[in-house]
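Summary of the model geometry
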Amino acid sequence: MGRRRRPRGKPKGASTQTPSTGNSPRIAAVPPARPLAPALSAQPDPADLYAALDLGTNSCRMLIAQPKGNHLHVVDSFSKSVQLGLGLESSGRLSRQSMARTVSALKICKRKLQRRDVKRMRLVATEACRRASNAAEFIAVVHRETGLALEIIEPEEEARLAVVACAPLVSARTEQLLVVDIGGGSTELVWIDLSRVPHVERPRAIMRLHQGFDHSDTVFPKAKVVDWISIPLGVATLKDQYRDVTDDGARFALMSWYFEEQLAQFSPYDDAADQAREGFQIIGTSGTVTTVAASHLGLRRYDRNKVDGLRMTSDQIDTVVQDYLTLGPAGRRRDPRIGRDRQALIMSGAAILQALLRAWPTDRLSVADRGLREGLLYAQMSSDGVLEDGPF
């Protein structure tokens, strides 16, 4: 399906601003007067570097990578909590302080791009900029101060790029796949039916979804998107809904049950009880999921190689969440497994994760330390034909 749907009704503490929809006009970034990179050659060189920048409600993150076989090799990265969407729920606008923090981070990104001489890139913004009434002003400020041209993407593209990034983690035995991307300002869910795709073709069929969820039939085996939804609740926005609830446990329970109510508009939710069977896989991609995984493993220093691709049982996840609740706010702030950037948002993310596991009771959840940035890189490289076995 190629539409975006939002929860009904006005949530507690929400802004009266009308949220953007898939039919809203797209805010185009102003092209820089002096492009950051020279004009692209007609024939991409497999040695070229590619960049992907994801500016979300809470974080600014960038990867610079090179194609390597049918994968990508990361040569540089950047991640910083900028809290661009702080106060957006109440004001409907990006604050000057949030914009200033973000511009400072983007200046670092620009220096990295220039130092690496990156010529092929996509620099995208998501939910905070989709919702803010002054997003066009912010885009112009970014261009004036950094020379970078940000592009505000629609929810469907955000969802399908997250799916593409997770393709390498899909089991050959998976018949029904649910990919969940928990962001700062929104959560995307995509349900994919792979039952008609030969086992060896499944990763490629998922990669081809970067073309769109409703693209026309091709000669290739096709992954069927049963339904997808973008819920305008992420770790930052859900936390803001219940900031006036002082009791830690009560706030967690309210956040989790409220998020589950929004799943009613997702068609696979209707028969969720029948989905927990052999051949069903959930992949979760977000800072929340990777933090829970790191806590489960007892990592005092984060190790992506140990987290990405890990499969956790629902009991293991519940144990970690209960541990977070036992620690309380002060204990979570001191816990090195959570980290200073994540501690303020971990319980709203855990509330979303627990709601999903209630809706689809499954033995395992696959942890993905990958998401929009990797999807952007795979899509660019695939389109340029520099990946082995591509373009997809």
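Residues numbered from 1 in each chain as written. Predicted model: local features only at pLDDT ≥ 70, side-chain atom pairs only at ≥ 80, totals over all residues. Heavy atoms only, no water.

1. Details of the pairing of strand E11 (residues 364–368)
Consecutive side chains along a regular strand alternate between the two faces of the sheet. Applicable threshold: Burial here depends on accessible area, computed with a 1.4 Å probe over protein chains only, as a share of the maximum for the residue type. Under 20% is buried, over 50% is exposed, and the range in between is partly exposed. Strands are runs of DSSP state E lasting at least 2 residues, helices are runs of H or I lasting at least 4, and numbering of each runs from the N terminus. Should DSSP find at least two bridges between two strands, the strands are regarded as paired.
Among the 5 residues of E11, 4 are classified as buried, and the element is accordingly described as predominantly covered. Note: strand E9 (residues 280–285) against E11, 4 bridges, orientation parallel. Across the sheet, the residue bridging to threonine 285 is alanine 368, located in E11. Pairing of strand E10 (residues 311–313) with E11 involves 3 bridges; the strand directions are antiparallel. Bridging from a neighbouring strand, threonine 313 pairs with arginine 364 of E11.

2. A word on the packing of helix H9 (residues 287–297) against helix H11 (residues 314–334)
Keep this limit in mind: Lines fitted to C-alpha atoms define the axes here, with helix axes fitted over just the stretch in contact, and angles between the N-to-C directions of these axes take values from 0 to 180 degrees. Angular relationships are summarised with four words: roughly parallel below 35 degrees, roughly antiparallel beyond 145, roughly perpendicular across 65 to 115, and oblique for the angles in between. Contacts are residue-level and defined by heavy atoms, with any inter-residue pair within 4.5 Å sufficient. Charged means Asp, Glu, Lys or Arg here, nonpolar means Ala, Val, Leu, Ile, Met, Phe, Trp, Tyr, Cys or Pro, and polar covers whatever is left, Gly included.
With their axes 10 Å apart at the nearest point, H9 and H11 run at an angle of 90° to one another. With respect to each other, H9 and H11 are oriented roughly perpendicular. Within the contact between the two elements, H9 uses Thr291, Val292, Ser295 and His296 and H11 uses Gln316, Ile317, Val320 and Tyr324. Considered class by class, the residues forming the contact of H9 with H11 number 4 nonpolar, 4 polar and no charged.

3. Examining the sheet that holds E9
Ordered in space as E8-E7-E6-E9-E11-E10, the 6 strands form an open sheet in which the pairing is mixed. For this open sheet the edge positions go to strand E8 (224–231) and E10, each flanked by a neighbour on one side alone. Neighbour-to-neighbour, the strand axes of this sheet turn through a mean angle of 20°, independent of strand direction.

4. Remarks on H9
In an α-helix, one turn spans 3.6 residues, which is why side chains three or four residues apart end up on the same side. This is how the line gets drawn: We call two N or O atoms a polar contact when they sit within 3.5 Å, provided that within protein one can donate a hydrogen and the other can accept it, with sequence-adjacent residues counted only if both atoms are side-chain atoms.
Within H9, 9 of the 11 residues are buried, which leaves it mostly tucked inside the rest of the structure. For H9, the N-terminal cap is serine 286; the gap from its side-chain oxygen to the backbone nitrogen of threonine 288 is 3.3 Å. Phi turns positive, to about 75°, at glycine 298, one or two residues after H9.

5. Topic: the sheet that holds strand E5 (residues 151–152)
Pairing between the strands of a sheet is mediated by backbone hydrogen bonds and can be parallel or antiparallel. An order of E3-E2-E1-E4-E5 is seen for the 5 strands of this open sheet, with the pairing classed as mixed. Every other strand in the sheet has two partners, leaving strand E3 (71–81) and E5 as the edge strands with one partner each. Here 2 bridges tie strand E4 (residues 120–125) to E5, and the two strands are oriented parallel to one another. Looking at E5, one finds that valine 124 is bridged to glutamate 151.

6. A word on the packing of helix H8 (residues 248–262) against H11
Stated formally: Helix crossings fall into two classes, left-handed where the near helix is turned counterclockwise from the far one by less than a right angle and right-handed where it is turned clockwise.
Orientation of H8 relative to H11, taken along the N-to-C sense of each, is 125°, at an axis distance of 10 Å. Relative to H11, H8 is oriented oblique. The element H8 and its partner H11 pack so that their crossing is right-handed. Contact residues: H8 offers Asp248, Gly249 and Phe252, while H11 offers Val321, Leu325, Gly328, Pro329 and Arg332. Here the contact of H8 with H11 is composed, by residue class, of 4 nonpolar, 2 polar and 2 charged.

7. Quick word on the pairing of strand E1 (residues 50–55)
Counting buried positions along E1 gives 6 out of 6 residues, so the element sits mostly inside the fold. Taking every second residue as pointing to the same face, both faces of E1 are buried, with Tyr50, Ala52 and Asp54 on one and Ala51, Leu53 and Leu55 on the other. The sheet contact formed by E1 and strand E2 (residues 59–68) spans 6 bridges and is antiparallel. Considered in E2, the bridge of tyrosine 50 is made with alanine 65. Between E1 and E2, which follow one another and run antiparallel, lie 3 residues. Bridging between E1 and E4 involves 6 bridges; their strand directions are parallel. Bridging across to E4, leucine 55 finds its partner in alanine 125.

8. Focus on the pattern of salt bridges
What counts, and what does not: Between Lys or Arg on one side and Asp or Glu on the other, a salt bridge is scored when a side-chain nitrogen of the former is within 4 Å of a carboxyl oxygen of the latter.
Enumeration according to the criterion identifies 26 salt bridges in this entry. Of the charged contacts, one joins glutamate 201 and arginine 204 as a salt bridge, the two residues approaching to 3.9 Å between their closest N and O atoms. Overall, arginine 204 belongs to the partly exposed group, its relative accessible area being 32%. Between aspartate 369 and arginine 304 there is a salt bridge, with its nearest N and O atoms 3.8 Å apart. Of this pair, aspartate 369 sits in the loop between E11 and helix H14 (372–384) while arginine 304 is found in helix H10 (residues 304–307), placing the two residues 65 residues apart along the sequence. By relative accessible area, which is 35% here, arginine 304 ends up partly exposed.

9. So, H14
Rule in force here: The length a helix should cover is 1.5 Å for every residue beyond the first.
Its 13 residues place the ends of H14 18 Å apart at the C-alpha level, agreeing with the 18 Å of an ideal helix rising 1.5 Å per residue. Burial within H14 is extensive, with 11 of its 13 residues counted as buried. When H14 is considered as a whole, its buried residues turn out to be Leu372, Arg373, Glu374, Gly375, Leu376, Leu377, Tyr378, Ala379, Gln380, Met381 and Ser382. Downstream of H14 by a residue or two, glycine 385 has a phi angle that is positive, lying close to 75°.

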